[in-house]
Amino acid sequence: MFIKTLLNEDRMPTSWYNIVPDMPEGSLKPPLHPATGEPVGPDALEPLFPMSIIMQEVSPERHIDIPEEVQEIYKLWRPTPLIRAMRLERALDTPAKIYFKYEGVSPAGSHKPNTAIAQAYFNREAGIKRIATETGAGQWGSSMALATEMFGLECTVYMVKVSYDQKPYRRIMMEVWGAEVLASPTDRTNSGRKILEDDPESPGSLGIAISEASEDAATHDDCNYSLGSVLNHVLLHQTVVGEECRLQMEMAGEYPDIVIGCIGGGSNYAGLAFPFMRDKLSGEKEIEFLAAEPSSCPTVTKGAYTYDFGDTLCSTPLFLMHTLGHDFIPPGIHAGGLRYHAMAPLISAVVNQGLMDAVAYNQTEVFEAGVSFARAEGIIPAPESSHAIKATIDKALQCKEKGEEKIILFNLSGHGHFDMSAYDQFLSGNLVDYAYPEEKIRESMAKIPKMG
Ligand SMILES: *Cc1c(COP(=O)(O)O)cnc(C)c1O
């Protein structure tokens, strides 16, 4: 019986899909300059990104070619498998068919190298010598370390201090691939020094690390910044996942009724979902789109859809997106990743247009779903991906109740081999659900700037 679909190399996608030209008229709004409130032009991003990437960020083209050198490196692990989770189906006794696209087979163990490789390529083409970037637990930093190594660039990674101290393995991985890894906040940047002045013991946060990395890039000519999620060009590069998956579903003779993924900044979900959403936008198909997030950082389910900063220190332009406030930091006991305070503007717009839904889960139910999946299918999922698994299991059980043979497709964005201490906490009963951080969210939302 058919279990796994692999594409031949010669059928791999040669372009990325840009959803922007297919979005309803007026559904997207440009980023704004925080001081003037005027739309920022492409030139405002020039200190940080090469012009080729800026043009992708604002491109009206539906298809953008994947450069041959990028395609060649993708082939080190792509096409990734599309797998039918028959053992999970049986364990749930559901009439639904469950398929997953497995991105954990990349060298870094997640979908993130899909954009890291592309970004390193465009920066090298532009003559850049070094990339500065931030990382939380290390998924993005390790992907960028891999990518810069492949293109002969240097890499400086500002790693959130609490993760730097508690999760040495990802740091070592980055160092194996030749990156310099710093515990953020550092004393190398004005942003870092300012945070340390107020709180020398600061555990750091993604927002702070973003401020440091972007300052490093803006103040050094041969250095650019790179972001692992949220921005349009990052989501664009991830669509290689969905483009491949469309071909694989076709080979399997199937088409999904429901497309599921987890959302932190929104890139892996957009990567799988947007190439299918094209068929919903054109009116050709009815598809349900569902994304899962943690209840401790409920950006889409509880946040506001408004203009806010992308970083803690208010140095980025303002983006129209779902946000919990730019200085929101999820509670320390939260173990499952997906901690960013805001959501990709494109995902936010798609939600706002009623094209997709989101759901929030507590961490113990997420780990329970991850363990069930590992016991059925063998693969130990990243805790982030387990949010998608939880949503998939819930949908499959609904199908059982209603006797519906729906086809569910989800993105297994990465493996969990570096998350054993979180699994250990869960298995020993020490992982607890937090109360929804209502007070914290109210405080941070009060600081969202009033625009437009
Ligand atoms: C980073 C990461 C995510 C969250 O980022 P998105 O931009 O929302 O995809 C999800 N899963 C894994 C495995 C990750 O490393």
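So, here is what we can say about the structure in this document. (Residues numbered from 1 in each chain as written. Predicted model: local features only at pLDDT ≥ 70, side-chain atom pairs only at ≥ 80, totals over all residues. Heavy atoms only, no water.)

### Looking at the overall build of the chain
Consideration 1: Scanning the chain for helices and strands turns up 17 helices and 15 strands.
Consideration 2: The C-alpha atoms of the chain give 20 Å as radius of gyration, which agrees with the globular expectation for 452 residues (22 Å, within 12%).
Consideration 3: Oriented by its inertia axes, the alpha-carbon framework of the chain measures out at about 60 × 50 × 45 Å.
Consideration 4: Considering the chain as a whole, with its 452 residues, one finds that 62% of them fall into the buried category. (Helix = DSSP H or I, 4+ residues; strand = E, 2+ residues; numbered from the N terminus. Rg over C-alpha atoms; globule rule 2.2 N^0.38 Å. Buried < 20%, exposed > 50% of the residue type's maximum accessible area, 1.4 Å probe, protein only.)

### Considering the packing of helix H5 (residues 139–150) against helix H7 (residues 168–176)
Consideration 1: The contact between H5 and H7 brings their axes to 8 Å, and the two run at 10°. The pairing of H5 with H7 is recorded here as roughly parallel in orientation. Where H5 approaches H7, its residues Gln 139, Gly 141, Ser 142 and Ala 145 are matched on the opposing element by Arg 170, Met 173 and Met 174. (Axes fitted to C-alpha atoms, helices over the stretch in contact; angles between N-to-C directions. Parallel < 35°, antiparallel > 145°, perpendicular 65-115°, else oblique. Contact = heavy atoms within 4.5 Å.)

### As for the pattern of salt bridges
Consideration 1: Under the counting rule described, the total for this entry stands at 21 salt bridges.
Consideration 2: Notably, a salt bridge pairs Arg 78 with Glu 244, separated by 2.6 Å at the nearest N-O pair. Note that Arg 78 is positioned in the loop between helix H2 (68–74) and strand E4 (82–84) and Glu 244 in helix H10 (residues 232–251), a separation of 166 residues in sequence.
Consideration 3: When the shortest N-O distance is used, the salt bridge between Arg 188 and Glu 180 registers 2.7 Å.
Consideration 4: Look at Glu 180 and you get partly exposed, because its relative accessible area is 34%.
Consideration 5: One salt-bridge network, in which partners are shared between bridges, spans Arg 78, Lys 101, Glu 103 and Glu 244. (Salt bridge = Lys/Arg side-chain N within 4 Å of Asp/Glu carboxyl O.)

### Quick word on the site of the ligand
Consideration 1: Taken together, 17 residues form the shell around the ligand, and within it Lys 112, Ser 229, Gly 264, Ser 267 and Asn 268 come nearest.
Consideration 2: His 111 is positioned with one of its side-chain polar atoms (N or O) 3.2 Å from an oxygen atom of the ligand.
Consideration 3: A distance of 2.8 Å is found between an oxygen atom of the ligand and a backbone nitrogen or oxygen belonging to Gly 266.
Consideration 4: Expressed as a share of its isolated accessible area of 380 Å², the protein-covered part of the ligand is 94%.
Consideration 5: Tallied by class, the residues present in the shell around the ligand amount to four nonpolar, 11 polar and two charged. (Near = heavy atom within 4 Å. Polar contact = N/O pair within 3.5 Å; in protein donor to acceptor, adjacent residues only side chain to side chain. Areas by Shrake-Rupley, 256 points an atom, 1.4 Å probe, with all protein chains shown as cover. Nonpolar A, V, L, I, M, F, W, Y, C, P; charged D, E, K, R; others polar.)

### Section: a nonpolar patch on the surface
Consideration 1: Where nonpolar side chains cluster on the molecular surface, the patch consists of Tyr 169, Ile 172, Val 176 and Phe 418 and spans about 420 Å² of accessible area.
Consideration 2: Looking at the secondary structure, you find Tyr 169 in helix H7.
Consideration 3: Here Tyr 169 falls in the exposed class, since its relative accessible area comes to 60%. (Patch = residues over 30% accessible without salt bridge, like charges linked within 9 Å, V, L, I, M, F, W, Y side chains within 5 Å.)

### So, the environment of Ile 347
Consideration 1: Mapping Ile 347 onto the fold places it in helix H13 (residues 345–352).
Consideration 2: Owing to a relative accessible area of 0%, Ile 347 belongs among the buried residues under this scheme.
Consideration 3: Beyond its immediate sequence surroundings of up to four residues, Ile 347 is in contact with Leu 235, Gly 266, Tyr 269, Ala 270, Phe 274 and Met 356.

### Here's the deal with the side chain of Ser 143
Consideration 1: With respect to the secondary-structure elements, Ser 143 resides in helix H5.
Consideration 2: Owing to a relative accessible area of 0%, Ser 143 belongs among the buried residues under this scheme.
Consideration 3: For Ser 143, the contacting residues outside a window of four places in its chain are Ala 108, Ser 110, Lys 112, Pro 113 and Ala 116.

### Some details on helix H11 (residues 267–281)
Consideration 1: Helix geometry: H11 is bent most strongly at Phe 274, by close to 45°, with proline Pro 275 lying one to four residues after it.
Consideration 2: With 13 of its 15 residues buried, H11 lies for the most part within the structure.
Consideration 3: Gly 283, located one to two residues past H11, shows a positive phi value of around 80°. (Bend = angle between axes of the 7 residues up to and from the residue.)

### So, a negative patch on the surface
Consideration 1: A surface patch of negative charge is lined by Glu 197, Asp 198, Asp 199 and Glu 201.
Consideration 2: Residue position: Glu 201 is located in the loop between helix H8 (190–198) and helix H9 (206–218). (Lys, Arg positive; Asp, Glu negative; His and termini not counted. Charge placed at Lys NZ, Arg CZ, Asp CG, Glu CD.)

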